[in-house]
Amino acid sequence: MSENHLPVLDLSHLDAGLAERQQFLKDLRHAAHDSGFFYVIGHSVNASLLAQVQQQAKAFFALSSADKLSVQMIHSPHFRGYSQASAEYTRGQRDWREQFDLGAERVALALAAHEPAWKRLQGPNLWPQALPSLRPIVEEWQRALNQTALKILRALALALGLAENAFDQLYGQSPNEHAKLIRYPGREHTDSEQGVGPHKDSGILGLVLQDEQSGLQVQTHAGEWIDAKPIAGSFVVNIGELLELATNGYLRATIHRVITPPAGQQRFSIAFFLGAPLDTTVPIYPLAPELAAQAQGPATDPLNPLLREVGWNYLKGRLRSHPDVAQRYYADILAN
């Protein structure tokens, strides 16, 4: 994060000549290790799809309250659907954003009472009947972002001196995708600057499409905050906690937050998080000695410990973020 700017990487260089490819991998390793946050340009996601998913997100948030509440997250044991502003919590504080959460579209599992609670997370999304155009565009977006995230993940493996498919085991056959359409209302509606509070992402990789309004901030090693200012057509990519675990801390998930927009403005963003299958236990990948020597071990937080069991790690985050959904569908877990 030299000169308080995030690195900008051109993903098309991965498929260019050998010299460009090697330079890209070197730059990727430094960005992922030093800052954990970087921009990606030169990706293969069509600009028209970026525009369409942004349009659909704005159309969703423009729906009536009744239409949005018809797909409210409280109706989903899988933590899918709409949340009003201040309904989600980060580190015990309310986030001032409304959002629509989605995952991989799968059938809910029929579970026996003794099976682990994280298996309840698999299931279908909620889709608003008032906006039928939303589902096909968002599902196309999810497929495109999944492939882009996988390409970056395989490039990271090469950058670390591993086989290109080394992280495919972590990615698995049924990765735990998580997507969010997000609207941050202007500050005239709240006394808080917390659009979303300081946190790390729990998955493998996060990719965020921003609009023109700033707000995303990344914490430096010195504890200062720098702006991840929007770059048209780019994704802001960040390392998730699962990669931190998998590399014994060589790649480190970075704390970030979002500040609410000024009065009279609003901010839209669309986030895609690539996770591991819920039944996965994260291994530690052997790195070359010169890299392993720089691995500091995963960061620990006594109030929110990192777990290598992906299902439990993901579930505990959902329970903390959405206490109303947790109480309705996971009261048995909360009682233990």
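Residues numbered from 1 in each chain as written. Predicted model: local features only at pLDDT ≥ 70, side-chain atom pairs only at ≥ 80, totals over all residues. Heavy atoms only, no water.

Caption draft 1: Local environment of the overall build of the protein chain. In terms of helices and strands, the protein chain carries 10 helices and 14 strands. Over its C-alpha atoms the protein chain spans a radius of gyration of 19 Å, differing by no more than 12% from the 20 Å that the globule rule assigns to 336 residues. With the C-alpha coordinates of the protein chain rotated into their principal frame, the extents come out at 55 × 50 × 35 Å. Per-residue burial over the protein chain gives 51% buried out of 336 residues. A separation threshold of at least 6 residues defines the contact pool for the protein chain, and within that pool the share at least 24 residues apart is 78%. On the protein chain, roughly 14700 Å² of surface is accessible, and the fraction owed to carbon and sulfur atoms is 50%. Computed over 29 positive and 34 negative side-chain charges, the inter-centroid distance for the protein chain is 3 Å. (Helix = DSSP H or I, 4+ residues; strand = E, 2+ residues; numbered from the N terminus. Rg over C-alpha atoms; globule rule 2.2 N^0.38 Å. Buried < 20%, exposed > 50% of the residue type's maximum accessible area, 1.4 Å probe, protein only. Contact = heavy atoms within 4.5 Å. Areas by Shrake-Rupley, 256 points an atom, 1.4 Å probe, with all protein chains shown as cover. Lys, Arg positive; Asp, Glu negative; His and termini not counted. Charge placed at Lys NZ, Arg CZ, Asp CG, Glu CD.)

Caption draft 2: Expanded view of unusual backbone geometry. The phi dihedral of Phe-79 falls on the positive side, at around 60°, and the residue is not glycine. Within the secondary structure layout, Phe-79 lies in the loop between helix 3 (65-69) and strand 3 (81-83). For Phe-79, a relative accessible area of 2% translates into the label buried. Phi angles above zero are rare outside glycine, and Ser-86 is one such case at about 80°. Structurally, Ser-86 can be placed in the loop between strand 3 and strand 4 (89-90).

Caption draft 3: Helix 1 (residues 18-34), seen in detail. Helix length check: helix 1, at 17 residues, gives a terminal C-alpha distance of 24 Å against a target of 24 Å (1.5 Å per residue), a fit within 8%. Among the residues making up helix 1, those that are buried are Phe-24, Leu-25, Leu-28, Arg-29, Ala-31, Ala-32 and His-33. Within two residues after helix 1, Gly-36 carries a phi angle of roughly 75°, on the positive side. (Expected span 1.5 Å × (residues − 1).)

Caption draft 4: Structural view of the sheet that holds strand 2 (residues 37-41). Spatially, 1-2-12-9-14-7-6-3 is the arrangement adopted by the eight strands of the open sheet, whose pairing is mixed. Either end of the sheet is taken by a strand with one partner, and the two such strands are strand 1 (8-10) and strand 3. Neighbour to neighbour, the strand axes of the sheet diverge by 25° on average, direction disregarded. Note: strand 1 against strand 2, three bridges, orientation parallel. Of the residues in strand 2, the one forming a bridge with Leu-9 is Val-40. Packing against the sheet, helix 2 (residues 47-61) makes contact with strand 3, strand 6 (98-103), strand 7 (178-184), strand 9 (205-210), strand 12 (235-239) and strand 14 (267-274), and its axis sits at approximately 115° to strand 14. (Pairing = 2+ DSSP bridges. Axes fitted to C-alpha atoms, helices over the stretch in contact; angles between N-to-C directions.)

Caption draft 5: Examining helix 8 (residues 310-321) more closely. Here helix 8 contains 12 residues, and its C-alpha end-to-end distance of 17 Å stays within 8% of the 16 Å for a straight helix at 1.5 Å per residue. By the burial criterion, the buried members of helix 8 are Val-310, Gly-311, Asn-313, Tyr-314, Leu-315, Arg-318, Leu-319 and Ser-321. The inward-facing, buried residues of helix 8 abut strand 4, strand 6, strand 7, helix 6 (241-246), helix 9 (323-329) and helix 10 (331-334).

Caption draft 6: Fine view of the packing of aromatic side chains. Scanning all chains against the criterion turns up eight aromatic pairs. Measuring from ring centre to ring centre gives 5.8 Å for Phe-60 and Tyr-82, while their planes differ by 65°; the resulting arrangement is edge-to-face. A residue pair is termed long-range when its members are at least 10 positions apart, and Phe-60 in helix 2 and Tyr-82 in strand 3 qualify at 22 residues. For Tyr-82, a relative accessible area of 5% translates into the label buried. When the centroid spacing of 6.3 Å and the interplanar angle of 70° are considered together, the rings of Phe-100 and Trp-127 count as edge-to-face. Note that Phe-100 is positioned in strand 6 and Trp-127 in the loop between strand 6 and helix 4 (134-159), a separation of 27 residues in sequence. When its relative accessible area of 0% is taken as the criterion, Phe-100 is described as buried. We classify Trp-127 as buried; its relative accessible area is 16%. A connected cluster of aromatic rings, assembled from ring pairs, spans Phe-60, Phe-61, Tyr-82, Phe-100, Trp-127 and Phe-268. Between Arg-257 and the ring centre of Trp-225, over which it is positioned, the NZ or CZ distance is 4.0 Å. (Phe/Tyr/Trp six-rings, centres within 6.5 Å; stacked < 30°, edge-to-face > 60°. Lys NZ or Arg CZ within 6 Å of the ring centre and 35° of its normal.)

Caption draft 7: Spatial organisation of the pattern of salt bridges. Counted according to the given criterion, the structure contains 14 salt bridges. Look at the salt bridges and you will find they share partners, linking Glu-88, Arg-97, Asp-101, Lys-180 and Arg-318 into a network. (Salt bridge = Lys/Arg side-chain N within 4 Å of Asp/Glu carboxyl O.)

Caption draft 8: Inspection of the layout of surface pockets at higher detail. Roughly 1100 Å³ of internal volume is contained in the largest pocket. Secondary structure elements with two or more residues in the lining of the largest pocket: strand 4, strand 7, strand 8 (194-199), helix 6, strand 13 (256-259), strand 14 and helix 8. With eight residues, helix 8 is the largest single contributor of residues to the lining of the largest pocket. Across the lining of the largest pocket, the residue classes tally to 19 nonpolar, 16 polar and 12 charged. Size it by volume and the second largest pocket reaches roughly 250 Å³. Looking at which element gives the most residues to the lining of the second largest pocket, the answer is helix 1, with three residues. Per-class residue counts for the lining of the second largest pocket are six nonpolar, 10 polar and three charged. (1 Å grid on protein atoms, 1.4 Å probe; cavity = no way out; pocket = protein on both sides within 12 Å on 5 of 7 lines; lining within 4 Å. Points joined across faces, edges and corners; volume = space filled by probe spheres on them. Nonpolar A, V, L, I, M, F, W, Y, C, P; charged D, E, K, R; others polar.)

Keep in mind that these numbers describe shape and distance, not what the molecule does.
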